[in-house]
Amino acid sequence: MVLAAGLGTRMRPLTDHKPKALVEVAGKTLIDHVLDRLRDAGVQRAVVNVHHYAEQMEAHLARRRDLEVRISDERERLLDSGGGIQHARPLLGEAPIWVANIDSLWLEGATPALESVKRAWTPEVMDLLLMVVRRGHGIGFEGPQGFFMDEAGRLTHSTSPDVVTPFANVGVGILKPEVLDSEPRRGPFPIQPVWRRLQDEGRLHGAAMEAFWMHVGDPAARDAAEARLKELT
């Protein structure tokens, strides 16, 4: 599940005439950066939700031939992160799924980041496994909010402005869709309350990436990520 339906307001003016997912970084759109990573991790089918300039997204995604792309249509209204996944469940099925935002890029470490998450996934003890990054291992990790992680990999989410957390959410993870069964069947809702419930149940875990993370949230962050990628070419 690739969450790509947002309005991209922080990315303006780059999103005045296109969706955020089609903003380019180092000659490649954000959506293609994400889909390429998922494909390399073995994904064969991706569901992408669309809303802002949905027709542009559909036309762009129709050109992919290396994996099957299905569209979850949110033209009528935005459904937020949790609602977007819930709306797409008929396309996703009930087996564990990757969930990915489109605003995270990374430079791989010794082990590909998604391979590290796959190896850490233990469905007997976890319902959601988030890929996280250590503070200082990326750009775009602003503010103290984020996660603490214990020796067993269990996460605790903190939004306190007074406590600096060691980990940030990269925006990629593995989720059991069934954890949404207790949430609204339709309509918008965020995923963060689900985090908190799973945290209380000890079912929210993290896998720390070795990669260098780049959060692409606004034009300045886009430029910084592009500069970092071009250094390697």
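As a reminder, the structure under discussion sits directly above these lines.
Presented here is a report on the structure given in the accompanying data block. Each chain carries its own residue numbering, running from 1 in the direction its sequence is written. Per-residue local features of the predicted model are confined to residues with pLDDT of at least 70, and side-chain atom pairs are confined, for both listing and counting, to 80 or more; whole-chain, interface and lining totals are unaffected and use all residues. Hydrogens and waters are ignored; side-chain quantities use all the structure's heavy atoms.

**Remarks on the overall build of the protein chain**
And step 1. Within the protein chain one finds six helices and 14 strands.
And step 2. Radius of gyration means the value over C-alpha atoms here, while the globule rule gives 2.2 Å times the residue count to the 0.38 power. The C-alpha atoms of the protein chain give 17 Å as radius of gyration, which agrees with the globular expectation for 233 residues (17 Å, within 12%).
And step 3. Along the first, second and third principal axes, the C-alpha atoms of the protein chain reach 45 × 45 × 35 Å.
And step 4. Whether a residue is buried, partly exposed or exposed follows from its accessible area with a 1.4 Å probe, protein chains only, as a fraction of its type maximum: under 20%, in between, or over 50%, in that order. Burial analysis of the protein chain (233 residues in total) assigns 50% to the buried set.
And step 5. Surface exposure of the protein chain reaches about 11,000 Å², of which carbon and sulfur atoms provide 50%.
And step 6. In this tally, Lys and Arg are treated as positive and Asp and Glu as negative; His is ignored, and so are the chain termini. A charged residue contributes its charge at one atom only: NZ of Lys, CZ of Arg, CG of Asp or CD of Glu. For the protein chain, the distance from the average site of its 29 positive side-chain charges to the average site of its 33 negative ones is 2 Å. Strands are runs of DSSP state E lasting at least 2 residues, helices are runs of H or I lasting at least 4, and numbering of each runs from the N terminus. Computed with a 1.4 Å probe, the accessible areas rest on the Shrake-Rupley method; for each residue, only the protein chains presented here act as cover.

**Observations regarding the sheet that holds strand S9 (residues 138-139)**
And step 1. With mixed pairing, three strands are arranged side by side in an open sheet as S7-S14-S9. The outermost strands of the open sheet, each flanked by one partner alone, are strand S7 (104-107) and S9.
And step 2. Note that S9 and strand S14 (residues 212-215) share two bridges and pair parallel. Bridge assignment links Ile 139 to a residue of S14, and that residue is Met 214. Should DSSP find at least two bridges between two strands, the strands are regarded as paired.

**Some points on the nonpolar core**
And step 1. Residues Ile 31, Met 57, Trp 106, Met 131 and Met 209 are the most contacted members of the largest nonpolar core, which totals 38 residues.
And step 2. Setting aside its immediate chain neighbours within four residues, Ile 31 contacts Val 2, Ala 4, Ala 21, Leu 22, Val 48, Met 57, His 60, Leu 61 and Ile 102.
And step 3. Counting residues in each nonpolar core, the second largest holds 23 residues, with Ile 85, Ala 88, Ile 97 and Val 179 among its members. Definition used in this section: a nonpolar core is a set of buried Ala, Val, Leu, Ile, Met, Phe, Trp, Tyr and Cys residues joined via side-chain atoms within 4.5 Å. Residue contacts are defined here by distance: any two heavy atoms, one from each residue, within 4.5 Å place the two residues in contact.

**A few points about helix H1 (residues 30-40)**
And step 1. With respect to burial, H1 is a largely interior element, eight of its 11 residues being buried.
And step 2. Leu 30, Ile 31, Asp 32, His 33, Val 34, Leu 35, Asp 36 and Leu 38 are the residues of H1 that are buried.
And step 3. Gly 42 lies just past H1 and shows a positive phi near 105°.

**What about the layout of surface pockets?**
And step 1. Both cavities and pockets are sets of points on a 1 Å grid over the protein atoms alone; in a cavity a 1.4 Å probe fits but cannot get out, in a pocket the set is open with protein on both sides within 12 Å along at least five of seven lines, and lining residues sit with an atom within 4 Å of a point. Grid points are joined across faces, edges and corners, and a volume is the space filled by probe spheres set on the points. What the largest pocket holds in volume is close to 1,200 Å³.
And step 2. If you go around the largest pocket, you meet 45 residues; those closest to its centre are Asn 101, Asp 103, Gly 171, Gln 192 and His 215.
And step 3. Of all the elements in the fold, those that place two or more residues in the lining of the largest pocket are helix H3 (80-92), strand S6 (97-101), strand S8 (128-134), strand S10 (146-149), strand S12 (167-175), helix H5 (192-200) and S14.
And step 4. Top element by residues in the lining of the largest pocket is S12. It accounts for eight residues.
And step 5. Note on residue classes: Ala, Val, Leu, Ile, Met, Phe, Trp, Tyr, Cys and Pro are nonpolar, Asp, Glu, Lys and Arg are charged, and everything else, Gly too, is polar. When the residues that make up the lining of the largest pocket are grouped by side-chain class, the tally is 22 nonpolar, 17 polar and six charged.

**Some thoughts on the packing of H1 against helix H2 (residues 54-61)**
And step 1. Viewed as axis vectors pointing N to C, H1 and H2 meet at an angle of 45°, and their least axial separation amounts to 11 Å. Classed by the angle they form, the pair H1 and H2 counts as oblique. Crossing handedness for the pair H1 and H2: right-handed. In this structure, H1 contributes Ile 31, Asp 32 and Leu 35 to the contact, and H2 contributes Met 57, His 60 and Leu 61.
And step 2. A breakdown of the residues in the contact of H1 with H2 according to their chemical character gives four nonpolar, one polar and one charged. Helix axes are fitted to C-alpha atoms over the stretch in contact, other axes to C-alpha atoms as well, and angles between N-to-C directions run from 0 to 180 degrees. Note on angle classes: values under 35 degrees are labelled roughly parallel, values over 145 roughly antiparallel, values of 65 to 115 roughly perpendicular, and the remainder oblique. Crossings are sorted by hand: turned counterclockwise from the far helix by less than a right angle, the near helix makes the crossing left-handed, and turned clockwise it makes it right-handed.

**Quick word on helix H6 (residues 219-230)**
And step 1. Multiplying one less than the number of residues by 1.5 Å gives the expected span of a helix. Its 12 residues place the ends of H6 16 Å apart at the C-alpha level, agreeing with the 16 Å of an ideal helix rising 1.5 Å per residue.
And step 2. Considered for burial, the residues of H6 that qualify are Ala 221, Arg 222, Ala 225, Glu 226 and Leu 229. The buried residues of H6 occupy one face: seen down the axis, they fall within an arc of 135°.
And step 3. Considering only its buried residues, H6 is in contact with strand S2 (24-25), H1, S7, S9 and S14.
And step 4. Contacts described as polar in this section are N or O atom pairs within 3.5 Å, which, within protein, must combine one atom able to donate a hydrogen with one able to accept it, while residues neighboring in sequence count only if both atoms come from side chains. Where H6 begins, the capping side chain belongs to Asp 218, and its oxygen is found 3.2 Å from the backbone nitrogen of Ala 220. The arc in question is the one traced by the directions running from the helix axis out to the C-beta atoms.

**With respect to the side chain of His 215**
And step 1. For His 215, the position within the fold is in strand S14.
And step 2. Relative accessible area serves as the criterion here: at 19%, His 215 is assigned to the buried category.
And step 3. In this structure the side chain of His 215 is engaged in a polar contact, spanning 3.4 Å, whose partner is the side chain of Asp 103.

**Here we look at unusual backbone geometry**
And step 1. With an omega of 10°, the peptide bond between Arg 12 and Pro 13 qualifies as cis.
And step 2. If you check the backbone angles, Tyr 53 has positive phi at about 50° while not being a glycine.
And step 3. Residue position: Tyr 53 is located in the loop between strand S4 (45-50) and H2.
And step 4. Despite not being glycine, Asp 80 has its phi angle at roughly 65°, a positive value.

By themselves these figures say nothing about function.
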